[in-house]
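# Fold and geometry: a report
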Amino acid sequence: MENLEMQVERVEQLFESQNLEELAEYLNELNISDVEELIDELPEHAALFLEVLSLNRAVNVFRILDFPTQERVFKKLPPSKVREILNEMPPDDRTSFFSELKGDVVKQLIIMLTPQERKEALSLLGYPEDSVGRLMTPDYITVKEYWNMPRVLDHIRRYGNASETIDVLYVIDGNGKLIDDLRIRDVLIAKEDAVVGDLIDNRLISLKANDPQEEAVTVFRMNNRVALPVVDDQDIMLGIVTIDDILWVANEEYTEDMQRFGGTEALDEPYLDVAISHLVKKRAGWLVILFLGQLLTATVIEHFEAQLATVIALFALVPLIMSSGGNSGSQASTLIIQAMALGEVTLSDWWRVMKREFLSGLFLGLILGTLGFIRIATWQSFSHAYGDHWAIIGVVVSLSLVCVVLWGSLTGSMLPFLLKKLGADPASSSAPFVSTLVDVTGLLIYFTFVTLLLSEVHL
């Protein structure tokens, strides 16, 4: 099998010889993923690649391109080829492409669709952005309860080619209401005189058209399905969502969450395609918020300046306190956000989570508090850096660590619940945000203990 470098070299040779017929033959023999990689390597020839490919393969290659590349390619394709690709694209992929474009461009492209395809496109675009309705396709096979197996198989032969998948059949009544789904395997091994009603198990799992796409990802993950039906509020079947679309959504959600964990807004395009001005805009907001948070940290230190002036050792221990609280908060926040994304934790679980994090934070604080006291005692034995009252300083540090780590765990675990309750993305309670918040409160805790336990001690 040729590697990418050899494929690029071969394609460039065919371009030089202007042998488009041989180029078409060569590209049609490659995997669509190989063609996609060639487009990445030779973006100036992307439009020509799609022109010479067979229509079916051109559509499949176009589907897996990222949006900026799709947009660039469409601008260079002749209108006739654009029309062919648009009409051949699966409705869900076409809807995903349209949803990224500007309104006036979408209007121009919709005109190119056949009346039937136009009707489907407008219907799917009518659902809210990031809803299951935007993912579904109306290409599926339905059967009736009273049909026997020969009739079902004949129906599949007649309409299966136009369906997104024939792995699953959907049983509906005379009004289009979804009754159950049926695996093709059950049909193939059933007796000829069996009817559909004999094969259904009434364990239907479906999605609502207006459900968030994130919920669909969770349902697929928990139920191990290749496709799921989509219904309206009256359980009338509207379409299906297949696993390939869900994998794209899951990847996008993961990418957005990772970017938010790092303290930045999610990017709408691949990193290298984002303009510098847009990149600055996406990052500036969070940096300003975090900077203002750190200003509060400076204010707290200035307020307790007198205590810090008493003994320099107190100031030297500030990073120890701040980092411990921030780290415990970041740990808790990351764990809860991941659990929410996987569907392991819901809003109703907040009290259970709080109790668990209280105990976890308390034990973790005791561990770090003990280590903090040992550290001060060890340094004192070698250098006498903390004076005659080193034991009190050790107690201050230990108590501060216990409370700061406990507070960090509670704050980091509860912030995702609060944000989700308010309708925001839990991933926004990212590690930098939690860390900055806990830094400020951690210093207040530390200096409160300093004031209470050391104010009467002459250091």
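An unreviewed UniProt entry lists the protein under the name Magnesium transporter MgtE, from Sphingobacterium spiritivorum ATCC 33861. Annotation of the protein in UniProt includes, under Function (unreviewed entry), the sentence "Acts as a magnesium transporter." According to the UniProt record, the Sequence similarities (unreviewed entry) comment for the protein reads "Belongs to the SLC41A transporter family."

Further remarks concern the UniProt feature "transmembrane region" (unreviewed entry) in the protein. In the numbering used here, UniProt assigns the "transmembrane region" (unreviewed entry) feature to residues 284–301, 308–326, 358–378, 390–419 and 431–454. For the annotated span residues 358–378, helix accounts for 100% and strand for 0% of the residues, and the straight-line distance between the end C-alpha atoms is 30 Å. Each end of residues 390–419 is marked by a C-alpha atom, and these two atoms are 42 Å apart; helix forms 100% of the span and strand 0%.

Turning our eyes to something else, we now look at the packing of aromatic side chains. This structure, assessed with the given rule, holds seven aromatic pairs. With a centroid separation of 6.1 Å and an interplanar angle of 55°, the aromatic rings of F67 and F97 are classed as tilted. Note that F67 is positioned in helix α6 (residues 67–76) and F97 in helix α8 (residues 91–100), a separation of 30 residues in sequence. You'll find F67 and F97 in the same group, each marked buried.

This paragraph deals with the packing of α8 against helix α10 (residues 115–125). Orientation of α8 relative to α10, taken along the N-to-C sense of each, is 60°, at an axis distance of 10 Å. The pairing of α8 with α10 is recorded here as oblique in orientation. Crossing geometry of α8 relative to α10 is assigned as right-handed. Contact residues: α8 offers P91, D92, R94, T95, F98 and S99, while α10 offers E117, E120, A121, L124 and L125. Taken together, the residues of the contact of α8 with α10 sort by class into five nonpolar, two polar and four charged.

Sheet architecture is open: three strands sit in the order β4-β5-β6, paired in mixed fashion. Single-partner strands in this sheet number two, and they are β4 (207–208) and β6 (237–242). Pairing geometry for β4 and strand β5 (residues 227–231), over two bridges, is parallel. Considered in β5, the bridge of L207 is made with V230.

What follows covers the side chain of D349. Its location among the elements puts D349 in the loop between α19 (318–341) and α20 (350–383). Under the relative-accessibility criterion, D349 is labelled buried at 16%. Polar side-chain contacts of D349 include one of 2.9 Å to the backbone nitrogen of T346. Among residues more than four places away in sequence, those in contact with D349 are E344 and F417.

As a volume, the second largest pocket reaches approximately 330 Å³. N56, R63, E88, P90 and E164 are, among the 15 residues lining the second largest pocket, the residues nearest its centre. Elements that contribute at least two residues to the lining of the second largest pocket include exactly α5 (55–64) and α7 (79–88). The element contributing the most residues to the lining of the second largest pocket is α5, with four residues. By residue class, the composition of the lining of the second largest pocket is five nonpolar, five polar and five charged. If you count residues domain by domain, the lining of the second largest pocket takes at least three from each of domain 1 (1–125) and domain 2 (140–241).

Rules behind the numbers
Residues numbered from 1 in each chain as written. Predicted model: local features only at pLDDT ≥ 70, side-chain atom pairs only at ≥ 80, totals over all residues. Heavy atoms only, no water. UniProt positions renumbered as here; feature names shortened; annotations may be inferred. Helix = DSSP H or I, 4+ residues; strand = E, 2+ residues; numbered from the N terminus. Phe/Tyr/Trp six-rings, centres within 6.5 Å; stacked < 30°, edge-to-face > 60°. Buried < 20%, exposed > 50% of the residue type's maximum accessible area, 1.4 Å probe, protein only. Axes fitted to C-alpha atoms, helices over the stretch in contact; angles between N-to-C directions. Parallel < 35°, antiparallel > 145°, perpendicular 65-115°, else oblique. Left-handed = near helix turned anticlockwise from the far one by under 90°. Contact = heavy atoms within 4.5 Å. Nonpolar A, V, L, I, M, F, W, Y, C, P; charged D, E, K, R; others polar. Pairing = 2+ DSSP bridges. Polar contact = N/O pair within 3.5 Å; in protein donor to acceptor, adjacent residues only side chain to side chain. 1 Å grid on protein atoms, 1.4 Å probe; cavity = no way out; pocket = protein on both sides within 12 Å on 5 of 7 lines; lining within 4 Å. Points joined across faces, edges and corners; volume = space filled by probe spheres on them. Domains from an automatic or database assignment.

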